[in-house]
Amino acid sequence: MLVGEPPPTQADLRFRIFGIPVRVHPFFWLVALLLGMGGSETRPVDALVWVAAVFFSILIHEMGHALAARAHGWYPSITLYGLGGLATYAPTHESLRSRLLISLAGPGAGFLLATAIVAGVRLSGHPIGLVGRSTPLDFDAIGAPALMRQSLVLVDLYFAPLAMGQLDPLIADLLYVNLLWGVVNLFPIYPLDGGQIARELLVAANPHEGIRRSLWLSVGCAAGLAGIALSQNSVFSMLMFGYLAYVSYRTLQAYSGWGRSDRW
Ligand SMILES: [Zn+2]
């Protein structure tokens, strides 16, 4: 995931947003669909809503990076493929502050979107909030006859349904992807945004050992999360973090005067 850019295909979708070129690789749709096929009860329409939510959320994340890069005078482009996206730009000058801001802008854009959705639901007079994973919902206390409940791994999110077609599952999926993808991306693991941020800070603190330390941090953090996922029987998360730990470890072994990468 997120490593390198695939060659162009005939099924690529290409368009521009705010002048920024966007390319969607066909595997993006496939991986998004497979991720949404968790339960056998998933109806086709739910799968489509899920794919739309993943597409929009990852696009917003990459737009955050791309707009921040452009604000710093660079010319970004966006590619969505596999399990995520990539905002690429050609840096014309170096500044720790601007690189940190560009890395933070991706998760930041997702958190802003989630905040806007929560505010929109609340402003429309529908209760929305967080509750413990196994805590039963008190309909009377919340003041709603029915509630949507969406797991966010450590807590559950609930909101009173707006009862407008597919809008309720779309809201649940958008909040799920934006909040989770934003938090996961902030872990100090390569090639996630948090991995880039940790590398920038560790290199600034110690130019000689910074990259090596950031790789060790990445290996340890990814291996630890893979272990936690294993203990929770979460096969997908275990495979993802296990793979990232392996890639970081291989990079650490191959590391010798490795230059700075400008993609994430
Ligand atoms: Zn990102």
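Our subject is the structure that appears above.
Here the structure is a predicted model, which means the values were calculated and not measured.

Considerations on the coordination of the zinc ion
Part 1: His61 (NE2), His65 (NE2), Asp193 (OD) and Asp193 (OD) make up the full set of protein donors to the zinc ion, lying at 2.1 to 2.5 Å.
Part 2: Here the zinc ion is ringed by four donor atoms whose angles at the metal span 55 to 146°, and the overall shape comes out irregular.
Part 3: Mapped onto the polypeptide sequence, the residues donating to the zinc ion form the spacing pattern H-x3-H-x127-D. One end of the pair is His61 and the other is His65, both in helix 2 (residues 44-71) and four residues apart, which spans about a single turn.

Observations concerning the packing of aromatic side chains
Part 1: Throughout the structure, instances matching the rule amount to seven aromatic pairs.
Part 2: Each member of the aromatic cluster is reached from another via a ring pair, and the members are Phe15, Phe28, Trp29 and Phe55.

Focus on the pattern of salt bridges
Part 1: Taken as a whole and assessed by the stated rule, the structure comprises six salt bridges.
Part 2: Put simply, Arg199 and Glu200 hold a salt bridge, and the shortest N to O gap is 3.8 Å. For the pair formed by Arg199 and Glu200, the shared burial category is buried.
Part 3: Across the pair Glu209 and Arg212 runs a salt bridge whose closest N-O atoms are separated by 3.7 Å.
Part 4: A residue is classified by how much of its surface remains accessible, and Glu209, at 30% relative accessible area, is partly exposed.

A look at the side chain of His61
Part 1: For His61, a relative accessible area of 4% puts it in the buried group.
Part 2: With residues up to four places along the chain from it excluded, the contact list for His61 reads Gly106, Pro107, Trp181, Asn185 and Asp193.

Thoughts on the packing of helix 1 (residues 26-36) against helix 2
A pair of packed helices is characterised by two quantities: the angle between their axes and the separation of those axes.
Part 1: In the contact formed by helix 1 and helix 2, the axes pass within 9 Å of each other and the chain directions differ by 125°. Comparing their axes, helix 2 and helix 1 come out oblique. For helix 1 against helix 2, the interelement crossing comes out right-handed. Across the interface between the two elements, Phe28, Trp29, Ala32, Leu33, Leu35 and Gly36 of helix 1 pack against Ala47, Trp50, Val51, Val54, Phe55 and Ile58 of helix 2.
Part 2: Counted by class, the contact of helix 1 with helix 2 contains 11 nonpolar, one polar and no charged residues.

What about the environment of Leu112?
Part 1: The topology assignment puts Leu112 in helix 3 (residues 96-123).
Part 2: Leu112 sits 13 residues away from Gly125 along the chain, and the two C-alpha atoms are 20 Å apart.

Analysis parameters
- Residues numbered from 1 in each chain as written.
- Predicted model: local features only at pLDDT ≥ 70, side-chain atom pairs only at ≥ 80, totals over all residues.
- Heavy atoms only, no water.
- Donors = N, O, S within 2.8 Å, 3.2 Å for Na, K, Ca; no water.
- Tetrahedral: all angles 85-135°; square planar, octahedral: opposite > 155°, others 65-115°.
- Helix = DSSP H or I, 4+ residues; strand = E, 2+ residues; numbered from the N terminus.
- Phe/Tyr/Trp six-rings, centres within 6.5 Å; stacked < 30°, edge-to-face > 60°.
- Salt bridge = Lys/Arg side-chain N within 4 Å of Asp/Glu carboxyl O.
- Buried < 20%, exposed > 50% of the residue type's maximum accessible area, 1.4 Å probe, protein only.
- Contact = heavy atoms within 4.5 Å.
- Axes fitted to C-alpha atoms, helices over the stretch in contact; angles between N-to-C directions.
- Parallel < 35°, antiparallel > 145°, perpendicular 65-115°, else oblique.
- Left-handed = near helix turned anticlockwise from the far one by under 90°.
- Nonpolar A, V, L, I, M, F, W, Y, C, P; charged D, E, K, R; others polar.

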